[in-house]
4 protein chains.
Amino acid sequence: MKAKLVIVALLCAMCSSAWAGKIVTDSIESKILGATVKYNVYVPNGFDKTNKLYPVVYLLHGLYGGYNDWAKQGNMQLVADELIGSGEAEEMIVIMPNAGHHDIHNVWNGYFNMPEWNYEDFFFQELIPQAEQKYRGVGDKMHRAIMGLSMGGGGSTVYAQHHPDAFSSCYAMSAWLDQPTIDEKMPHTKFYHTCVSVHENSAVAFVENATDEQVKQLKSVKWLFACGDDDGLMDLSVKIHQAMRSKRVKSELRIKNGVHNWEYWHLALREALPFASRAFAK
Amino acid sequence: MKAKLVIVALLCAMCSSAWAGKIVTDSIESKILGATVKYNVYVPNGFDKTNKLYPVVYLLHGLYGGYNDWAKQGNMQLVADELIGSGEAEEMIVIMPNAGHHDIHNVWNGYFNMPEWNYEDFFFQELIPQAEQKYRGVGDKMHRAIMGLSMGGGGSTVYAQHHPDAFSSCYAMSAWLDQPTIDEKMPHTKFYHTCVSVHENSAVAFVENATDEQVKQLKSVKWLFACGDDDGLMDLSVKIHQAMRSKRVKSELRIKNGVHNWEYWHLALREALPFASRAFAK
Amino acid sequence: MKAKLVIVALLCAMCSSAWAGKIVTDSIESKILGATVKYNVYVPNGFDKTNKLYPVVYLLHGLYGGYNDWAKQGNMQLVADELIGSGEAEEMIVIMPNAGHHDIHNVWNGYFNMPEWNYEDFFFQELIPQAEQKYRGVGDKMHRAIMGLSMGGGGSTVYAQHHPDAFSSCYAMSAWLDQPTIDEKMPHTKFYHTCVSVHENSAVAFVENATDEQVKQLKSVKWLFACGDDDGLMDLSVKIHQAMRSKRVKSELRIKNGVHNWEYWHLALREALPFASRAFAK
Amino acid sequence: MKAKLVIVALLCAMCSSAWAGKIVTDSIESKILGATVKYNVYVPNGFDKTNKLYPVVYLLHGLYGGYNDWAKQGNMQLVADELIGSGEAEEMIVIMPNAGHHDIHNVWNGYFNMPEWNYEDFFFQELIPQAEQKYRGVGDKMHRAIMGLSMGGGGSTVYAQHHPDAFSSCYAMSAWLDQPTIDEKMPHTKFYHTCVSVHENSAVAFVENATDEQVKQLKSVKWLFACGDDDGLMDLSVKIHQAMRSKRVKSELRIKNGVHNWEYWHLALREALPFASRAFAK
């Protein structure tokens, strides 16, 4: 009998965690975009067995990426399972929408409104209400966070700047926060248009130019900017932290060894989900 | 011009690290096994441009796994690139051999000698000399380390026990170090035979029964046993650490939050490569 | 003017944190002990300016130690300031009572009831109500945690076992959780009596012998046992974790490099305050 | 007998590490300064029993500090003991000289040459040769590192800039690397003179103005700049990292949560000793 117990232990070991959420793929028919937008959603262990409402994290991918990146390259399910299981993160819904390249309609890339592609409008008017309705989000600022990498770090920051009433925290990784100038000689590719939209939606300029009222609203969000020290975008994270500081908006800065890759973002996610959890209402 | 510089910085950011090794897939025609055994090998940045000799790490997969696991699920290249780039790990060759299920000849599973499948003989008589010849390993104990997960953690430990002259260090993750009893009523599947081989090659019993001469040799290897606290195999890591301690063989034990999965092993690898590096000759 | 700004920045740098609690020394006239018992209490930034109620952590010292140890050797104020400032720990009161050697009446050592020295009675009937009254503790299980080192790790565990209705979490560091046998030939020193009291209040035996009702109550507390791998008491942390597991009481185990010293405990405190915070009611 | 064993284990636990160096206080009669300069020196376990030569780390205190700071407030012995014991740091000598306020002759404060107080000359012409002779330093660049906090982080950086042939690595914590302008209306206190010396020995300007030959020499040192994100000096660490990068000198930057205090420096030392060790010759 002892042998059987040992073998059961072994097989249990191989089954890994008892605590396991799951990722499901869903989509939304966007009237604003005139497109079907896919998204992945992580639901925690026991989601199907309750009617509970959950806090919601939006987790954004980067340039040339898609809604599957965090699930596949970022191993987000294992990270979330572990952190929720240990109590370092709250039980939460994590929504990973597509702003990328996969579907025929996604001719435009990025998180900002562009001609014929008002993605920011879609995000706030369609995605948030519909997804939170369907996946039982609590539905208010104190139960909603945003985070993302690179272009998605910039998107996260700007969304929380434009909608400080919507998010309790923002964790921006390796974030593309500014595009100071545009080379008009560049071919007008999708990348060009994305550059223009980042230029027009500079997160750094937003802070530098913030009115007193905007500063007050910025202070209602918890901000963290994280970047690898060998990442070409590092200076932008420093710059926005300094701009926040000069406006007396509390902001966290984290620079560690790292570059612009999934090893860095995978580790950053381990910090980001607890950070968001601590900012949720208690 | 400034715009161009910014865009160059952005594209550099997306290219990630300048420091990048690569993983190549190779195979060996084993006379001992009568089989072709595949293996992946990580070679560091600049490998092709020098005649330098390198220290070598053997990185073993687990039960039901294969030679691709560490490369695909463990993201070992990004981990090695980062740690070597920062100096936390030495420039090294990492060999990830198949002991698994992929090829027709691999009817037997595991790292030990079994009837008609003398994998341990293959490992020491064919794999090590041929792979280190081909990939320019230094070729001695003080430039060779072994590590692995689960069944491969057990294999690593037993290999270093049987061949303490071959390895300067052993880092065993979530290791299957003992199979105290065998249920003879089990069907004689591949799993049954693997259980028998672990029983017959108990790493725990090896330490408990070690002669003075064997203890002396055990002391020439640096040992680290790492496991998640919710892993069904955790007790074995504790047990061997205690057995080592009672024989006055220095051994490290690390238990942190975790289960038997790739999130744990990915993070463990970040500790294991520096651990092995510190034990290489200076 | 720029020079002045720079110098102000420099002086600010030297003033360190804007966020700073303070430690005050207080004492209680214990009728139960017939002694004055000193304690240190950490109060968070702004404590004097509000009427707010706070969650309370009890932080216990070790054998031969005293109420000043955590403040002086453990640098607990800087740790608490940093963690509360960053949001990783809640704003909280931390009470560090004397169970030690300083005062003439403390002829008995330790946290348990002993002949003429009913310290556990004092702790629950006098210290908790009076200190939480004075320092504005919320005053219930979901806003109270206990933690400590060595003898105080054992005391923490046993207190939470005896009074599961009083604590939401227990974090035991390098804990003296059991004293299996007593050598009656030992001189009957204070140390002998402490050994006897640990023997009689074995935290390990408590779990092993727990009734179903006790198991149910144990499950209402979050448990974490942390120890260094070169600490002579490590096996006890493993043993209680295994006993908890066999009773299906969730418990966390953390073993890292370390010995029985203040470097280990200082680092452990950085984990313990967030652990306690996450278990407080939300 | 089992009881005795348990008690022995308990007492061993309390004795903490078997691996223990020690700190001794020494002094040097400086002809250059016309003063007696005290220093603490950490010697590793077994130092007195061999004739071995060791690599040497210079560990510098901050403004208004003294040679005892790292020993007392930084707990450097426990940190070094643990890291050397685990192999994360090499066996090494650590020299902590006084540049501070304690002795009557130290009317000038800081690490640079000042009128009547040529401390940098003293450091290289008297301290290094005499201390390394007495404490058996290997005595060359590849076995010597420098590190320090605040004013000592600036001193470390400038020393390694002025003497790149003397140090294999430099780890600057919360470093005062520049004093852009001087307010001539300041009273000419000791602090004023220190400001002037930092202005004249700007580490940032050194990099920005480095000749090709100097750049080449900077590349022979491993640089790491570490600072807390709420430290008033953080921008200087960023600035020198950016300057190094623009000159293509590899440099590491680490920003984590923290302020200008001993909690931060204590933790930084745990990173700094391994960093220095990895840069020593192998």
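1. Some thoughts on the overall build of chain A
Here's step 1: Looking only at helices and strands, one finds ten helices and ten strands in chain A.
Here's step 2: Taking 282 residues into account, the globule formula puts the C-alpha radius of gyration at 19 Å, and chain A, at 19 Å, falls close to it.
Here's step 3: Across the 282 residues in chain A, those meeting the buried criterion constitute 62%.
Here's step 4: Carbon and sulfur atoms make up 52% of the accessible area of chain A, which totals about 10600 Å².

2. Quick look at the side chain of N201 of chain A
Residue and element names in this part refer to chain A.
Here's step 1: Structurally, N201 can be placed in the loop between α6 (190-200) and α7 (203-208).
Here's step 2: A polar contact of 2.8 Å, which involves the side chain of N201, links it to the backbone oxygen of S197.
Here's step 3: Setting aside chain neighbours within four positions, we find N201 in contact with F112, V158 and H162.

3. Regarding unusual backbone geometry
Residue and element names in this part refer to chain A.
Here's step 1: Even without a glycine there, the phi angle at E116 is positive, about 65 degrees.
Here's step 2: Here E116 lies in the loop between β5 (113-114) and β6 (117-118).
Here's step 3: A positive phi angle, close to 60 degrees, is found at R248, a residue other than glycine.
Here's step 4: Locating R248 in the fold gives a position in the loop between α9 (234-246) and β10 (251-256).
Here's step 5: Under the relative-accessibility criterion, R248 is labelled exposed at 71%.

4. Considerations on the pairing of strand β1 (residues 22-30) of chain A
If a strand is regular, its side chains alternate between the two faces of the sheet.
All names here are of chain A.
Here's step 1: Relative to strand β2 (residues 35-43), β1 is paired through nine bridges, and the arrangement is antiparallel. By the bridge assignment for β2, S30 is matched with A35.
Here's step 2: If you look at the hairpin formed by β1 and β2, you'll find four residues sitting between the two strands, and G34 has a positive phi there, around 65 degrees.

5. Some points on the pattern of salt bridges
Here's step 1: Summed over all chains, the structure comprises 40 salt bridges over all chains.
Here's step 2: Across the salt bridge formed by R270 of chain B and E263 of chain A, the nearest N and O atoms sit 2.5 Å from each other. In this pair, R270 of chain B is assigned in helix α10 (residues 262-279) and E263 of chain A in helix α10 (residues 262-279), connecting two distinct chains. Judged on exposure class, the residue R270 of chain B and its partner E263 of chain A are both buried.
Here's step 3: In this structure, E252 of chain B and K250 of chain B form a salt bridge, with 3.1 Å as the shortest nitrogen-oxygen distance.
Here's step 4: Through salt bridges with shared partners, a single network forms among D229 of chain A together with K250, E252 and R254 of chain D.

6. Describing the pairing of strand β4 (residues 93-97) of chain D
Residues and elements named next belong to chain D.
Here's step 1: Burial within β4 is extensive, with five of its five residues counted as buried.
Here's step 2: Residues I93, I95 and P97 point to one face of β4 and V94 and M96 to the other, with burial holding for every one of them.
Here's step 3: Two elements, strand β2 (residues 35-43) and β4, share four bridges in a ladder whose sense is antiparallel. Within β4, the residue paired with Y42 across the bridge is V94.
Here's step 4: In this sheet, β4 lies alongside strand β3 (residues 56-60) in parallel orientation, the contact comprising three bridges. Pairing of Y58 across the sheet is with I95, part of β4.

7. Let's talk about the environment of S277 of chain C
All names here are of chain C.
Here's step 1: Structurally, S277 is set in helix α10 (residues 262-279).
Here's step 2: Residue S277 is classed as buried on the basis of its relative accessible area, which comes to 4%.
Here's step 3: Between the C-alpha atom of S277 and that of E90, which follows or precedes it by 187 residues, the distance is 5.5 Å.
Here's step 4: For S277, the residues in contact, after removing those within four places along its chain, are E88, A89, E90, M92 and K282.
Here's step 5: In this structure the side chain of S277 is engaged in a polar contact, spanning 2.8 Å, whose partner is the backbone oxygen of L273.

8. Description of the confidence of the model for chain A
Here's step 1: In the predicted model, chain A carries a mean pLDDT of 91, and 91% of its residues have values of at least 70.
Here's step 2: Interface confidence for the predicted complex, given as ipTM, is 0.93, next to a pTM of 0.94.

9. Regarding helix α4 (residues 119-134) of chain C
Residue and element names in this part refer to chain C.
Here's step 1: A maximum bend of about 35 degrees is found in α4 at L127, where proline P129 lies one to four positions downstream.
Here's step 2: Among the residues of α4, Y119, E120, F122, F123, F124, E126, L127, I128, A131 and E132 are the ones counted as buried.
Here's step 3: Looking one or two places after α4, you find R136, whose phi comes out positive at around 60 degrees.

10. Side note on the packing of aromatic side chains
Residues and elements named next belong to chain A.
Here's step 1: For the structure on display, the rule yields 72 aromatic pairs over all chains.
Here's step 2: Residues F123 and F124 carry aromatic rings whose centres are separated by 5.4 Å and whose planes lie at 55 degrees to one another, so their mutual orientation is tilted.
Here's step 3: Residues W262 and W265 carry aromatic rings whose centres are separated by 5.2 Å and whose planes lie at 90 degrees to one another, so their mutual orientation is edge-to-face. One end of the pair, W262, and the other, W265, are both in helix α10, three residues apart, so they sit about a helical turn from each other.
Here's step 4: Taking relative accessible area as the criterion, W262 reaches 13% and is therefore assigned buried.
Here's step 5: The rings of Y58, Y111, W117, Y119, F122, F123, F124, Y159 and F167 are connected pair by pair, giving a single aromatic cluster.
Here's step 6: Across from the ring centre of F47, 4.2 Å away, lies the NZ or CZ of R136, which sits over that ring.

11. A closer look at α10 of chain A
All names here are of chain A.
Here's step 1: For α10, spanning 18 residues, the distance from its first C-alpha to its last is 25 Å, which sits close to the expected 26 Å at 1.5 Å a residue.
Here's step 2: Within α10, 16 of the 18 residues are buried, leaving the element largely enclosed by the surrounding structure.
Here's step 3: Where α10 begins, one side-chain oxygen reaches toward the backbone nitrogen of E263, 3.1 Å away; that side chain belongs to N261.

12. Some details on the side chain of D26 of chain C
Here's step 1: Of note, D26 of chain C is situated in strand β1 (residues 22-30).
Here's step 2: What makes D26 of chain C buried here is its relative accessible area of 13%.

13. Examining the packing of helix α3 (residues 76-86) of chain A against α10 of chain A
All names here are of chain A.
Here's step 1: Where α3 meets α10, the axes come as close as 10 Å, and the angle between the chain directions of the two elements is 40 degrees. Here α10 runs oblique to α3, going by the angle between their axes. The two elements α3 and α10 cross, and the hand of that crossing is right-handed. Residues M76, V79, A80, E82 and L83 of α3 pack against H266, L269, R270, L273 and P274 of α10.

14. Things to note about the environment of S150 of chain C
Residues and elements named next belong to chain C.
Here's step 1: Within the secondary structure, S150 sits in the loop between β7 (144-149) and α5 (151-162).
Here's step 2: Here S150 falls in the buried class, since its relative accessible area comes to 4%.
Here's step 3: A sequence separation of 20 residues divides S150 from C170, and the C-alpha atoms of the two residues are 13 Å apart.
Here's step 4: Once residues within four sequence positions are removed from consideration, S150 is found in contact with G62, M173, S174, A175, W176, L233 and H260.
Here's step 5: Here the side chain of S150 touches H260 through a polar contact of 2.8 Å, side chain to side chain.

15. Quick word on the environment of N45 of chain B
All names here are of chain B.
Here's step 1: Within the secondary structure layout, N45 lies in the loop between β2 (35-43) and β3 (56-60).
Here's step 2: Residue N45 is classed as partly exposed on the basis of its relative accessible area of 32%.
Here's step 3: Taking the C-alpha atoms as reference points, N45 and K22, 23 residues apart in sequence, are found 7.4 Å from one another.

Conventions we followed
Residues numbered from 1 in each chain as written. Chains lettered and ligands numbered in written order. Predicted model: local features only at pLDDT ≥ 70, side-chain atom pairs only at ≥ 80, totals over all residues. Heavy atoms only, no water. Helix = DSSP H or I, 4+ residues; strand = E, 2+ residues; numbered from the N terminus. Rg over C-alpha atoms; globule rule 2.2 N^0.38 Å. Buried < 20%, exposed > 50% of the residue type's maximum accessible area, 1.4 Å probe, protein only. Areas by Shrake-Rupley, 256 points an atom, 1.4 Å probe, with all protein chains shown as cover. Polar contact = N/O pair within 3.5 Å; in protein donor to acceptor, adjacent residues only side chain to side chain. Contact = heavy atoms within 4.5 Å. Pairing = 2+ DSSP bridges. Salt bridge = Lys/Arg side-chain N within 4 Å of Asp/Glu carboxyl O. pLDDT = per-residue confidence, 0-100. Bend = angle between axes of the 7 residues up to and from the residue. Phe/Tyr/Trp six-rings, centres within 6.5 Å; stacked < 30°, edge-to-face > 60°. Lys NZ or Arg CZ within 6 Å of the ring centre and 35° of its normal. Expected span 1.5 Å × (residues − 1). Axes fitted to C-alpha atoms, helices over the stretch in contact; angles between N-to-C directions. Parallel < 35°, antiparallel > 145°, perpendicular 65-115°, else oblique. Left-handed = near helix turned anticlockwise from the far one by under 90°.

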